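# Structural overview for review
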Amino acid sequence: MVLQKETTYGKITIAERVFAEILLSILEEEEFKDRIWAANKRGRIIQKGAAFAENDIASMLHVERGEDERLILNLAAVVKFGESIKATASKLSDRMAELIKKHDGRKPKRITIEVTGVKGATLQKRSMEIVREYED
C-alpha cells in the first residue's frame with residue numbers, strides 16, 4: 001500500500017519500499033544482526049543479501065495512516081532461538097519508531113510484529129504478535 005497525503009503544495013506519496021529500507025538498515029545494526037530477521041507471513045526468512053530483498057520486505061509490510069494521520073505498521077519476523085521474543089521484537093519496534101519519527105516528524109501510532117518462527121538448528125513455526133503503541 002502506498003501512503004498519500006494531500007498538502008497545499010500537492011500530493012506526497014511514500015512507497016512501502018521506504019519502510020523496507022528502514023527495516024533493512026535496522027536489521028544490519030549490531031544489536032539486531034543474527035538475532036531477528038524479516039520474514040514473510042509463512043515464516044520464511046527474507047535473505048538480506050538477496051537481489052529482491054527490499055521488494056520482498058516491502059510486499060510483506062503493511063503500512064497505513066490511522067484516523068489521527070499517524071502511521072500503523074505490521075510486519076513479520078523470525079527470532080533467534082534463545083533470544084527473548086518479546087524483548088527482541090519490542091527493541092526492534094522502538095528502533096523503527098525512532099527512525100520513523102526522524103523521517104515523518106511523529107512516532108507511529110502502532111507497530112505490530114508477527115513472530116512467525118524461531119530459528120535454531122531448524123526453523124520452528126510460531127504465531128505470536130508483539131504490539132507496541134506509541135504516544136505522539
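This text gives an overview of the structure that appears in the document. Each chain has its residues counted from 1, following the order in which its sequence is written. The predicted origin of the model limits local features to residues at a pLDDT of at least 70 and limits the giving and counting of side-chain atom pairs to 80 or more, whereas totals for whole chains, interfaces and linings rest on all residues. Hydrogens are left out, water is left out, and the side-chain values use all remaining heavy atoms of the structure.

## Structural notes on the side chain of Glu-114
- Put simply, DSSP H or I for four residues or longer makes a helix, DSSP E for two residues or longer makes a strand, and each gets a number counted from the N terminus. With respect to the helices and strands, Glu-114 occurs in strand β6 (residues 110-119).
- What qualifies as a polar contact is a pair of N or O atoms within 3.5 Å, subject to a donor-acceptor requirement within protein and to the restriction that residues adjacent in sequence count only when both atoms come from side chains. Here the side chain of Glu-114 touches Lys-41 through a polar contact of 3.4 Å, side chain to side chain.
- Here Glu-114 is in contact with Lys-41, Leu-75, Ala-76, Ala-77, Met-128 and Glu-129, once residues within four sequence places are set aside. In what follows, residue pairs with any heavy atoms lying within 4.5 Å of each other are defined as contacts.

## Looking at the pairing of strand β4 (residues 62-65)
- Only one face of β4 is buried, namely the one carrying Val-63 and Arg-65, since none of His-62 and Glu-64 on the opposite face is buried.
- At least two bridges found by DSSP between two strands is the condition for calling them paired. Alignment of β4 against strand β5 (residues 71-80), held across four bridges, turns out to be antiparallel. By the bridge assignment for β5, Glu-64 is matched with Ile-72.
- Taking the residues that link successive antiparallel strands as the turn, the β4-β5 hairpin has five residues, and the phi of Glu-69 there is positive, at about 70 degrees. Only protein chains enter the accessibility calculation, which uses a 1.4 Å probe; a residue is then buried when its area is under 20% of its type maximum, exposed when over 50%, and partly exposed in between.

## Points about the packing of aromatic side chains
- For this analysis, a ring pair means two rings from Phe, Tyr or Trp (six-membered ring only for Trp) whose centres lie within 6.5 Å, classed as stacked if their planes differ by under 30 degrees, edge-to-face if by over 60, and tilted for the remaining angles. For the structure on display, the rule yields zero aromatic pairs.
- We note Lys-119 situated over the ring of Trp-37; from NZ or CZ to the ring centre the distance is 4.6 Å. In this analysis the charged atom, NZ for Lys or CZ for Arg, is taken to sit over a ring once it is within 6 Å of the ring centre and within 35 degrees of the ring normal.

## Brief notes about the nonpolar core
- Put simply, a nonpolar core is a bunch of buried Ala, Val, Leu, Ile, Met, Phe, Trp, Tyr and Cys residues held in one set by side-chain atoms that sit within 4.5 Å of each other. If you look at the biggest cluster of nonpolar residues, it comprises 35 residues, and the most contacted ones within it are Leu-23, Ile-57, Met-60, Leu-92 and Met-96.
- At the level of secondary structure, the elements contributing two or more residues to this core comprise α1 (16-27), β3 (36-39), α2 (53-60), β5, α3 (85-104) and β6.

## Quick look at the pattern of salt bridges
- Whenever Lys or Arg places a side-chain nitrogen within 4 Å of a carboxyl oxygen from Asp or Glu, that contact is recorded as a salt bridge. Taken as a whole and judged by the stated rule, the model has ten salt bridges.
- Glu-29 is paired through a salt bridge with Arg-95; the nearest N and O atoms lie 2.9 Å apart. Residue Glu-29 is located in the loop between α1 and β3, and its partner Arg-95 is located in helix α3; the two are separated by 66 residues in the primary sequence.
- The salt bridge partner of Arg-35 is Glu-83, with a shortest N-O separation of 3.7 Å. Of this pair, Arg-35 sits in the loop between α1 and β3 while Glu-83 sits in the loop between β5 and α3, and the two are 48 residues apart along the sequence.
- For Arg-35, a relative accessible area of 34% corresponds to the partly exposed category.

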